Amino acid sequence: MPDGTTRVLDIPGGQSLGIAPASYGEARIKLRPGTILALYTDGLVETRSRPYDRGILALRSALARPRRDLDAACEELAASVGENREDDTTIVLARIPSPPAG
């Protein structure tokens, strides 16, 4: 969030895109302008030596820092896994824009 707080949205996970035909649910979530929405695969947060919940805490900590450049943030997050990646990693960050004036 713009104030540096983070939260994990309670929405169901699904099959990875492009693996096989699948259907996905919908969710409507109100996000304030300036909020960064992070979409990622489990390879970013889970490894053999780091459980999922610890990876989520590390991701939330990294995303709580003030950010201007989302490309640099993606690079930093990808590097946080280390060079010996055990799984594919995909990260998509999107900042919610302010509504147009007027």
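Structure shown above.
Remember, predicted model here, so these are calculated numbers, not experimental data. (Residues numbered from 1 in each chain as written. Predicted model: local features only at pLDDT ≥ 70, side-chain atom pairs only at ≥ 80, totals over all residues. Heavy atoms only, no water.)

Together, Asp42, Glu46, Asp87 and Asp88 make up a negatively charged patch on the protein surface. With respect to the helices and strands, the residue Asp88 is situated in the loop between helix H2 (70–79) and strand S2 (91–95). (Patch = residues over 30% accessible without salt bridge, like charges linked within 9 Å, V, L, I, M, F, W, Y side chains within 5 Å. Areas by Shrake-Rupley, 256 points an atom, 1.4 Å probe, with all protein chains shown as cover. Salt bridge = Lys/Arg side-chain N within 4 Å of Asp/Glu carboxyl O. Lys, Arg positive; Asp, Glu negative; His and termini not counted. Charge placed at Lys NZ, Arg CZ, Asp CG, Glu CD. Helix = DSSP H or I, 4+ residues; strand = E, 2+ residues; numbered from the N terminus.)

For the rest of this paragraph, the subject is the nonpolar core. With twelve residues, the main nonpolar core is built from Leu44, Val45, Ile56, Leu59, Ala62, Leu70, Ala73, Cys74, Leu77, Ala78, Ile91 and Leu93. Of all the secondary-structure elements, those providing two or more residues to this core are helix H1 (52–64), H2 and S2. The dominant element in this core, judged by the number of residues it contributes, is H2, at five residues. Leaving out residues up to four positions away in the same chain, Ala62 has contacts with Arg67 and Leu77. (Core = buried A, V, L, I, M, F, W, Y, C linked by side-chain atoms within 4.5 Å. Buried < 20%, exposed > 50% of the residue type's maximum accessible area, 1.4 Å probe, protein only. Contact = heavy atoms within 4.5 Å.)

What follows is about the environment of Tyr52. Within the element layout of this structure, Tyr52 appears in helix H1. Sequence separation between Tyr52 and Asp42 is ten residues, and the spatial gap between their C-alpha atoms is 7.9 Å. Apart from residues no more than four positions distant in its own chain, Tyr52 is found in contact with Tyr40, Val45 and Glu46.

Moving on, we come to H1. The α-helix advances 3.6 residues per turn, and as a result positions three or four apart in sequence lie on the same side. With 13 residues, H1 extends 18 Å from end C-alpha to end C-alpha; this agrees with the ideal 18 Å at 1.5 Å per step. Summarising the contacts, the buried residues of H1 are in contact with strand S1 (36–40) and H2. (Expected span 1.5 Å × (residues − 1).)

A word on the environment of Asp69. Checked against the element boundaries, Asp69 lands in the loop between H1 and H2. Placed 26 residues apart in sequence, Asp69 and Arg95 show a C-alpha to C-alpha distance of 10.0 Å. In terms of polar contacts, Asp69 uses its side chain to reach the backbone amide nitrogen of Ala72, at 2.8 Å. (Polar contact = N/O pair within 3.5 Å; in protein donor to acceptor, adjacent residues only side chain to side chain.)

Residues Leu70, Ala73, Cys74, Leu77 and Ala78 constitute the buried set of H2. Projected down its long axis, H2 shows its buried positions confined to an angular sector of 135°, all on one face. Across from the buried face of H2, at angles greater than 90 degrees, the exposed residues are Asp71, Glu75 and Ala79. Buried residues along H2 sit in contact with S1, H1 and S2. One side-chain oxygen at the N-terminal end of H2 lies 2.8 Å from the backbone nitrogen of Ala72; it belongs to Asp69. (Arc of directions from axis to C-beta.)

On the secondary structure map, Thr35 appears in the segment before S1. For Thr35, a relative accessible area of 4% gives the class buried. Here Arg32 takes part through its backbone oxygen, which lies 2.8 Å from a polar atom of the side chain of Thr35. If we ignore the near neighbours within four places in the chain, the residues touching Thr35 are Met1, Pro2, Ala94, Arg95 and Ile96.

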